[in-house]
Amino acid sequence: MNLFSASQQLALLLRSGLRCRGCLGPLDRASEAGLCGGCWEGLLPLPELRCPRCALEHDPDQACPEPVAWEWGDAFWGYHGGRPPLGALLLPGIKNGELGWKKALLRRASAAPLPDFAREADLVTSAPATRLRRFMRGFDLAEEFGKVLAKRTERPWHPLLRKAWRAGRQGTRNETDRRRLPQKAIQLARRINLDHKVILLVDDVWTTGTTLLRCAQALKEGGAQEVRVLSIFRAL
Ligand SMILES: [Zn+2]
Ligand SMILES: [Zn+2]
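Residues numbered from 1 in each chain as written. Chains lettered and ligands numbered in written order. Predicted model: local features only at pLDDT ≥ 70, side-chain atom pairs only at ≥ 80, totals over all residues. Heavy atoms only, no water.

### A word on the coordination of the zinc ion (ligand 1)
Phase 1: Taken together, Cys20 (SG), Cys23 (SG), Cys36 (SG) and Cys39 (SG) make up the protein donors of the zinc ion (ligand 1), found 2.3 to 2.4 Å from the metal.
Phase 2: Around the zinc ion (ligand 1), the four donor atoms sit at angles spanning 104 to 116°, and that spread fits a shape best called tetrahedral.
Phase 3: Sequence spacing among the residues donating to the zinc ion (ligand 1) works out to C-x2-C-x12-C-x2-C. Like Cys36, the residue Cys39 is buried in the burial classification. (Donors = N, O, S within 2.8 Å, 3.2 Å for Na, K, Ca; no water. Tetrahedral: all angles 85-135°; square planar, octahedral: opposite > 155°, others 65-115°. Buried < 20%, exposed > 50% of the residue type's maximum accessible area, 1.4 Å probe, protein only.)

### Some thoughts on the packing of aromatic side chains
Phase 1: Tallying each qualifying case throughout the model produces six aromatic pairs.
Phase 2: Ring centres of Phe76 and Phe145 lie 5.7 Å apart, and the angle between their planes is 80°; this geometry places the pair in the edge-to-face category. Taken as a pair, Phe76 in strand 1 (residues 72-78) and Phe145 in helix 7 (residues 141-153) lie far apart in primary sequence, 69 residues in all.
Phase 3: The exposure class assigned to Phe145 is buried, which follows from its relative accessible area of 0%.
Phase 4: Grouping aromatic residues by their ring pairs yields a cluster made of Phe76, Trp77, Tyr79, Phe145 and Phe233.
Phase 5: When the ring centre of Phe139 is taken as origin, the NZ or CZ atom of Lys102, which lies over that ring, is 4.7 Å away.
Phase 6: Above the plane of the ring of Trp40 lies Arg108, whose end atom (NZ or CZ) is 4.0 Å from the centre. (Phe/Tyr/Trp six-rings, centres within 6.5 Å; stacked < 30°, edge-to-face > 60°. Helix = DSSP H or I, 4+ residues; strand = E, 2+ residues; numbered from the N terminus. Lys NZ or Arg CZ within 6 Å of the ring centre and 35° of its normal.)

### A short note on the coordination of the zinc ion (ligand 2)
For a metal bound by four donors in tetrahedral geometry, the ideal donor-metal-donor angle is 109.5 degrees, whereas six donors in octahedral geometry ideally sit at 90 or 180 degrees.
Phase 1: The coordination sphere of the zinc ion (ligand 2), as far as protein atoms go, consists of Cys51 (SG), Cys54 (SG), His58 (NE2) and Cys64 (SG), spread over 2.1 to 2.3 Å.
Phase 2: Coordination at the zinc ion (ligand 2) comes from four donor atoms whose angles at the metal span 103 to 116°, giving a geometry best classed as tetrahedral.
Phase 3: Read in sequence order, the donor residues coordinating the zinc ion (ligand 2) give the pattern C-x2-C-x3-H-x5-C. Pair noted here: Cys54 is in the loop between helix 2 (37-40) and strand 1 and Cys64 is in the loop between helix 2 and strand 1, with a separation of ten residues, a long-range link.

### Here we look at the packing of helix 3 (residues 86-95) against helix 4 (residues 99-109)
Phase 1: Viewed as axis vectors pointing N to C, helix 3 and helix 4 meet at an angle of 125°, and their least axial separation amounts to 8 Å. Regarding the angle of helix 3 to helix 4, the classification is oblique. Classified by chirality, the crossing of helix 4 by helix 3 is left-handed. In this structure, helix 3 contributes Leu89, Leu90, Leu91, Gly93 and Ile94 to the contact, and helix 4 contributes Trp101, Lys102 and Leu105. (Axes fitted to C-alpha atoms, helices over the stretch in contact; angles between N-to-C directions. Parallel < 35°, antiparallel > 145°, perpendicular 65-115°, else oblique. Left-handed = near helix turned anticlockwise from the far one by under 90°. Contact = heavy atoms within 4.5 Å.)

### Let's talk about the nonpolar core
Phase 1: Core analysis: the largest hydrophobic core is formed by 40 residues, its most contacted members being Leu90 and Phe233.
Phase 2: Of all the secondary structure elements, the ones that give two or more residues to this core are helix 2, strand 1, helix 3, helix 4, helix 5 (116-119), helix 7, strand 5 (198-206) and strand 6 (226-234).
Phase 3: Mapping this core onto the domain boundaries places at least three of its residues in each of domain 1 (14-41) and domain 2 (53-234).
Phase 4: In this structure, Phe233 is in contact with Leu43, Ala75, Trp77, Gly78, Tyr79, Gly87, Leu90, Leu91, Leu105, Asp204, Val205 and Trp206, ignoring residues within four places of it in sequence.
Phase 5: Judged by nonpolar contacts, the second largest core, of 23 residues, contains Ala127, Trp206, Leu213 and Ala218. (Core = buried A, V, L, I, M, F, W, Y, C linked by side-chain atoms within 4.5 Å. Domains from an automatic or database assignment.)

Function-wise, these values are silent; they only describe arrangement.
The structure is reproduced here in structure tokens:
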């Protein structure tokens, strides 16, 4: 039984002198999960004139700076947006078990403006985590984001991809190693006919795009007609 109403809880919180875990300022009415309203406003959209495939700003006559194997690509927010940079604060925290942050972030992702291309896919899938990683964390953020999008677009979510055991943890690799993620590190989880399917491929953070590239290649090898990418965050 909850002994306090929401407003009483907030009053207690304000009086307790607890500080925002992002900026160390006072918590306010817009606070959620230990972060003040100002910090949550750090979910900033990407630049308006971005490339529709790589979501970066570049000369439209030039190729995308990183290889892309999909027709459309976008993200909700910049990873380094806000002060402190909110994506860079939230994602490592969530991966270390900050469930309040996860819930607050997914709630915002379920209300953020959706690009048109994301509405017209046949199905939704997520960039995979290794089984060990998923087991250790008890959840997979990319998968949960995929399910949020599947619900929003009323399309099915399918776990189409799996990461080979030896692909290792990306976080412990340096930039050069990440770019060298072996071709077969990501495979179709099972034999499935993807002929003529348009697939919305989602991830939590899109950095160099190597993981997404391997995912998109595996989907296309499986017969997918088109792959479209949507990520929660884009590191610019
Ligand atoms: Zn703050
Ligand atoms: Zn581009």
